Amino acid sequence: MRNRWMRRGPGLGGTPLAGGLAGALGIAGLALASAGTAAAQEVVELPGEDRWLEPEFEEVYRVGGIDGADWEQFGRVRLVGFDGAGRLFVFDNQADRVTVAGPRGDFLHAFGRAGEGPGEFRNADGLAIMRDGRAVLADRGHRAYHIFAADGEFERMVRMRPEPGALFITDLLPGPGGEAIFSAVGAPLLSSSFSASADAGEPAPHMSRPVERILLTGDEARKDTVAEGWLPQEGNWPDARDRRLALGIRLPPPRVFGPKMLPGALPDGSVAFSDSSAYAIKIARPDAGVWRILRRPLDPEPVTDRVIANEKDRQLRELEESSGEGPRRTVNGVVVSGSVPARARERIANLEFFDEISIVRDLATTWNGRIWVQRRGEDPGDDEGPIDLLAMEGRYLGSYRAGAIRMPAAFGPEGLAAFIEEDELGVRTVVVRRLPEGVN
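Keep in mind that what you see is a predicted model, and the values were worked out from it rather than measured.

A. Focus on the overall build of the protein. Scanning the protein from N- to C-terminus turns up six helices and 29 strands. Evaluated residue by residue, the protein yields a buried proportion of 51% over its 440 residues. Long-range pairs, those at least 24 residues apart, make up 55% of the contacts in the protein between residues at least 6 apart in sequence.

Put into structure tokens, the structure is as follows:
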């Protein structure tokens, strides 16, 4: 069986293997060039056969919903997190407010509001909760990180480092030491909006999708690179680079079924991430880079003409189903309401596809070093496939069947996990459950 991760990862440049003598010589040269790096990496081969787990989770409490108390009438639950005491932090980005609930779901306090001053939000959309209870929120409008104490009092603001190009916010991952957060360039955005940089000059295109550590100890945030995630090559769009630079965007547009950059922080200060089309979970730490790779022998399928046609048909059906009266829906970033816009049909017709169907669709990490990996479903466009549970030291713990449980929105101490659920009216509730001891 061909190892497609070796074809779709930084070790071989992320390009298809060439055939014949030229390909053999190229592989040999690359192997020699990377021998020093590979020697420091431990590759753990995990079993390929699924061992199914039952989702026997104990519900601890829930907050939010129409029937909740006044303090839990959230406008829109955007992000959640836990601190080391098991307190739940709920960020309502419609009200620009963070509400804190105790370990039994009781109201403790709330902080934050819209405004121009320190500790007031202009466009906050990123949340990291430290183990000591401090909260870090990223704010596009201020171009800074707000830091709040465990009691909700505003501590200070740390300016984001000035960089050319647009500012995008992805998931903020709390560092276990409390002095830094992690994020990854190219990770899924927390919002479709972005703010342009005030700095002049053309942004240099990214050559990779780095996992970054953001140090918050000074007045201005400092970044260093934990690992260089693989960046797939740009599609055959002659004007793609010009369009990206006009918007201040330094990454090529994603292609359908292409590998996502999916990071998660681990309790020893390492970061687990997926960046390739195959099943290869990489673990990196600051100043060391990738030091362990967890692999399952699951190969991505090639993207054929039939796969492309079926995916375009599926997206067109979604457009047609949403073309009647009713609430607005978003399909591939296009708002659809009332009638099918011609530009949406044109966009689907012109979609660029990756040449393989990536396996890993989501990734999250727990407080004690478990890595949750969500795979693709039966259909190539289905992101809600089985969820694998791995231990960071290199053990496969089992899998939940597709649809048995959703990926938690946040993990906490002692097996706590928060799930954001939404009813038919769009009202969101946060349900806190406890994981069974066998998977915690």
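B. Quick peek at the sheet that holds strand β16 (residues 271-274). Taken in spatial order, the five strands make up an open sheet running β1-β18-β17-β16-β15, and their pairing is mixed. At either end of the open sheet lies a strand with only one pairing partner, and these are β1 (42-45) and β15 (262-265). Taken over all neighbouring pairs, the strand axes of this sheet differ in orientation by 20° on average, direction set aside. Taken together, the four bridges between β15 and β16 define a ladder with antiparallel strand orientation. In the sheet register, Leu262 faces β16, and the bridge partner there is Ser274.

C. Spatial organisation of the sheet that holds strand β26 (residues 395-400). Judged by pairing direction, the sheet is antiparallel, and its four strands sit side by side in the order β23-β24-β25-β26 without closing on themselves. Whereas interior strands pair on both sides, the edge strands pair on one side only; in this sheet they are β23 (360-365) and β26. Pairwise comparison of adjacent strand axes, ignoring direction, gives a mean angle of 20° for this sheet. Here strand β24 (residues 370-375) pairs with strand β25 (residues 387-391) via five bridges, running antiparallel. Among the inter-strand pairings, Gln374 is bridged to a residue of β25, identified as Ile387.

D. Fine view of the side chain of His142. One can find His142 in the loop between β8 (135-139) and β9 (144-148). On the basis of relative accessible area, His142 is assigned to the buried category, the value being 18%. When near neighbours in sequence (up to four residues on either side) are disregarded, His142 contacts Gly115, Glu116, Gly117, Glu120, Arg122 and Met157.

E. Molecular detail of the nonpolar core. Ranked by internal contacts, the top residues of the largest apolar core, which has 30 residues, are Phe82, Leu88 and Trp372. In terms of residue count, the dominant contributor to this core is strand β28 (residues 416-422) (four residues). Residues Leu127, Met130, Leu167 and Ile169 belong to the second largest nonpolar core, which totals 29 residues.

F. Inspection of the pairing of strand β5 (residues 97-101) at higher detail. Counting buried positions along β5 gives four out of five residues, so the element sits mostly inside the fold. Counting the residues in the hairpin turn of strand β4 (residues 88-92) and β5 gives four residues, including Asp96, whose phi is positive at 50°. Taken together, the four bridges between β5 and strand β6 (residues 107-111) define a ladder with antiparallel strand orientation. Residue pairing in the sheet places Ala101 in a bridge with Phe107 of β6.

G. Structural context of the confidence of the model for the protein. Across the protein, pLDDT averages 84, with 80% of residues at or above 70. Segment residues 1-7 is flagged for pLDDT under 50; beyond a separation of four residues in sequence, or across chains, it makes 23 contacts in the model.

H. Fine view of the pattern of salt bridges. Taken as a whole, this structure holds 27 salt bridges when the rule is applied. In this structure, Glu318 and Arg314 form a salt bridge, with 2.9 Å as the shortest nitrogen-oxygen distance. Of the two residues, Glu318 and Arg314 are both situated in helix α5 (residues 305-321); the distance of four residues between them amounts to about one turn of the helix. A salt bridge links Glu384 to Arg406; the nearest nitrogen and oxygen atoms lie 3.9 Å apart. Residue Glu384 is found in the loop between β24 and β25, and its partner Arg406 is found in the loop between β26 and β27 (410-411); the two are separated by 22 residues along the sequence. We classify Glu384 as partly exposed; its relative accessible area is 35%. Residues joined in a network through salt bridges with shared partners are Asp50, Arg296, Arg375 and Asp388.

I. Quick peek at the environment of Asp92. Note on placement: Asp92 falls in strand β4. Once the C-alpha coordinates of Asp92 and Gly112 are considered, the two residues, 20 residues apart in sequence, prove to be 9.8 Å apart. Once residues lying within four places of it in the same chain are set aside, the contact partners of Asp92 are Phe74, Gly75, Arg76 and Arg97. Looking at Asp92, its side chain comes within polar contact range of the main-chain nitrogen of Gly75, at 2.6 Å.

J. Quick peek at the packing of aromatic side chains. Taken as a whole and assessed by the stated rule, the structure comprises 11 aromatic pairs. When the ring of Trp372 is compared with that of Tyr400, the centres are 5.9 Å apart and the planes differ by 40°; the resulting orientation is tilted. One end of the pair, Trp372, is in strand β24; the other, Tyr400, is in strand β26, with 28 residues separating them in the sequence. Assigned by exposure class, Trp372 and Tyr400 land together as buried. Taken together, the aromatic side chains of Phe57, Trp372, Tyr400, Phe411 and Phe419 make up a single cluster linked through ring pairs.

K. How the structure looks around the environment of Val136. Take Val136: it is sitting in strand β8. In this structure Val136 touches Gly126, Leu127, Ala128, Met130, Tyr145, His146, Ile147, Leu172, Ile181 and Leu216, once residues within four positions along its chain are discounted.

L. Representation of unusual backbone geometry within the structure. Even without glycine at this site, Asp96 takes up a positive phi of about 50°. Take Asp96: it is sitting in the loop between β4 and β5. The phi torsion at Phe257 lies on the positive side, around 70°, for a residue other than glycine. With respect to the secondary-structure elements, Phe257 resides in the loop between α4 (240-247) and β15. A relative accessible area of 8% places Phe257 in the buried class.

M. Up close: the packing of α5 against helix α6 (residues 342-349). Remark: α5 packs on α6, axes separated minimally by 10 Å, with the N-to-C direction vectors making an angle of 165°. As the angle between them shows, α5 and α6 are arranged roughly antiparallel. Crossing geometry of α5 relative to α6 is assigned as right-handed. Contact residues: α5 offers Lys312, Gln315, Leu316, Leu319 and Glu320, while α6 offers Ala344, Arg345, Ile348 and Ala349. Per-class residue counts for the contact of α5 with α6 are five nonpolar, one polar and three charged.

Basis of the calculations
Residues numbered from 1 in each chain as written. Predicted model: local features only at pLDDT ≥ 70, side-chain atom pairs only at ≥ 80, totals over all residues. Heavy atoms only, no water. Helix = DSSP H or I, 4+ residues; strand = E, 2+ residues; numbered from the N terminus. Buried < 20%, exposed > 50% of the residue type's maximum accessible area, 1.4 Å probe, protein only. Contact = heavy atoms within 4.5 Å. Pairing = 2+ DSSP bridges. Axes fitted to C-alpha atoms, helices over the stretch in contact; angles between N-to-C directions. Core = buried A, V, L, I, M, F, W, Y, C linked by side-chain atoms within 4.5 Å. pLDDT = per-residue confidence, 0-100. Salt bridge = Lys/Arg side-chain N within 4 Å of Asp/Glu carboxyl O. Polar contact = N/O pair within 3.5 Å; in protein donor to acceptor, adjacent residues only side chain to side chain. Phe/Tyr/Trp six-rings, centres within 6.5 Å; stacked < 30°, edge-to-face > 60°. Parallel < 35°, antiparallel > 145°, perpendicular 65-115°, else oblique. Left-handed = near helix turned anticlockwise from the far one by under 90°. Nonpolar A, V, L, I, M, F, W, Y, C, P; charged D, E, K, R; others polar.

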